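# What the coordinates show
Here are the chains, one letter per residue:
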Amino acid sequence: MSALRVVFFGTPDFAAESLRAIHQSAHEVVGVVTVADKASGRGQKVNQSPVKRFAVEHHLPLFQPEKLRDNEFLESIRALNADIFVVVAFRMMPKILWEMPKLGTFNLHASLLPDYRGAAPINYAIINGESETGVTTFFINEKIDEGNLLLQAKTAIGDDENAGSLHDRLMEIGSKLVVETLDRLSEGCITERPQPQVEHPKNAFKIFKEDTRIYWQQPSQAVHNFIRGMSPYPCAFTTLSINGESKGLKIFSGKYELLPHKREAGKIELSKSELRIFTQDGIYSPEEVQLEGKKRMSIKDFLNGFQSLEGIQLG
């Protein structure tokens, strides 16, 4: 196996783990491209991406272009004479960039393509009640997440697993798959193949705030899957009315039971230790919540914070 010269493109922790794996492999990281530093939060503190922090710590050549079509940036990347580009959780790249290396540019995606193309594959795999998911490496082309497949690795999804724990497992599995893809490309023993044509593909569109509201009219298991698929981020929410004042209530986890009833979906029963919310075919009991303006806490601590539970209902 010959070592490949790699330029890595990525931003969050999910990407940084793949960068770490490549850096520890036989291949050489000759450049790292990540997002420009951003000011955020109340104090407008300048934050660096996890990929940048790793690159700086390990003295890797770093690029943070505002525009990927900038001529100076393109010439700097071309001068690195890379064999291949690796992309993990980065933005859209222009063709002039991804067609630059002789072996091409491949991406790591957190699903078993062609299922769950898009920005939120981990969330939607859980929301839709899948029992299995995985990661895929594929060559980038003009269409989003539709390039030729290279390698895939599968993993089971636990019945009560949330998006956070699945993210962390796929991050590890994906980093190993990235290195395996590089190894096999360097040996010339990998055959790319077109993605299967699917009449009704399962999509994973970007999640916006309005997409995170819980609809209690659904079956209990669908509610449960939605909440764990949104946890811990961006987090599913419902609206709580407290003495006529409406506040958002994020729900991070809970349990459900199938129970025939004649109550209206969305109605609640309260005690000092439990909040029970009626669904289409049963009851959902939140276990960890966060009221708007408050910290995250157990449902028992949340309910104990009220002198009286009268006047509390779902909005």
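For clarity, every value in this text was computed on a predicted model and none was experimentally measured.

Here is what the cut-offs are and how they apply
Residues numbered from 1 in each chain as written. Predicted model: local features only at pLDDT ≥ 70, side-chain atom pairs only at ≥ 80, totals over all residues. Heavy atoms only, no water. Phe/Tyr/Trp six-rings, centres within 6.5 Å; stacked < 30°, edge-to-face > 60°. Helix = DSSP H or I, 4+ residues; strand = E, 2+ residues; numbered from the N terminus. Buried < 20%, exposed > 50% of the residue type's maximum accessible area, 1.4 Å probe, protein only. Lys NZ or Arg CZ within 6 Å of the ring centre and 35° of its normal. Axes fitted to C-alpha atoms, helices over the stretch in contact; angles between N-to-C directions. Left-handed = near helix turned anticlockwise from the far one by under 90°. Contact = heavy atoms within 4.5 Å. Nonpolar A, V, L, I, M, F, W, Y, C, P; charged D, E, K, R; others polar. Salt bridge = Lys/Arg side-chain N within 4 Å of Asp/Glu carboxyl O. UniProt positions renumbered as here; feature names shortened; annotations may be inferred.

### Topic: the packing of aromatic side chains
What the rule picks out here adds up to 5 aromatic pairs. Relative to Phe85, the ring of Phe9 has its centre 5.2 Å away and its plane inclined at 55°; by these criteria the two rings are tilted. Here the residue Phe9 occupies a position in strand β1 (residues 5-10), and Phe85 occupies one in strand β6 (residues 84-88), the gap between them amounting to 76 residues. Residue classification places Phe9 among the buried residues on the basis of a relative accessible area of 0%. With a relative accessible area of 1%, Phe85 lands in the buried category. Every member of this aromatic cluster is reached through a ring pair, and the members are Phe9, Phe85 and Phe90. Over the ring of Phe237 we find Lys209, and its NZ or CZ is 4.2 Å from the ring centre. Across the ring face of Phe252, the terminal group of Arg296 is positioned such that the distance to the ring centre comes to 3.8 Å.

### Topic: the packing of helix α1 (residues 13-23) against helix α6 (residues 163-187)
Remark: α1 packs on α6, axes separated minimally by 8 Å, with the N-to-C direction vectors making an angle of 35°. Note that α1 runs across α6; the crossing there is right-handed. Within the contact between the two elements, α1 uses Asp13, Phe14, Glu17, Ser18, Ala21 and Ile22 and α6 uses His167, Leu170, Met171, Glu172, Gly174, Ser175, Val178, Val179 and Leu182. In terms of residue class, the contact of α1 with α6 is built from 8 nonpolar, 4 polar and 3 charged.

### Focus: the pattern of salt bridges
Under the definition given, this model contains 14 salt bridges. Three or more residues joined by partner-sharing salt bridges are found here, namely Glu257, Arg263, Glu269 and Arg276.

### Looking at the UniProt feature "binding site: (6S)-5,6,7,8-tetrahydrofolate" (unreviewed entry) in the chain
Taking the numbering used here, the UniProt-annotated feature "binding site: (6S)-5,6,7,8-tetrahydrofolate" (unreviewed entry) corresponds to Ser111, Leu112, Leu113 and Pro114. Judged by its relative accessible area of 16%, Leu112 falls in the buried class. If we skip the residues at most four places from it in the chain, Leu112 touches Glu132, Thr133, Gly134, Val135, Thr136, Gln152, Ala153 and Lys154. Of note, Pro114 is situated in the loop between β7 (105-109) and α5 (121-127).

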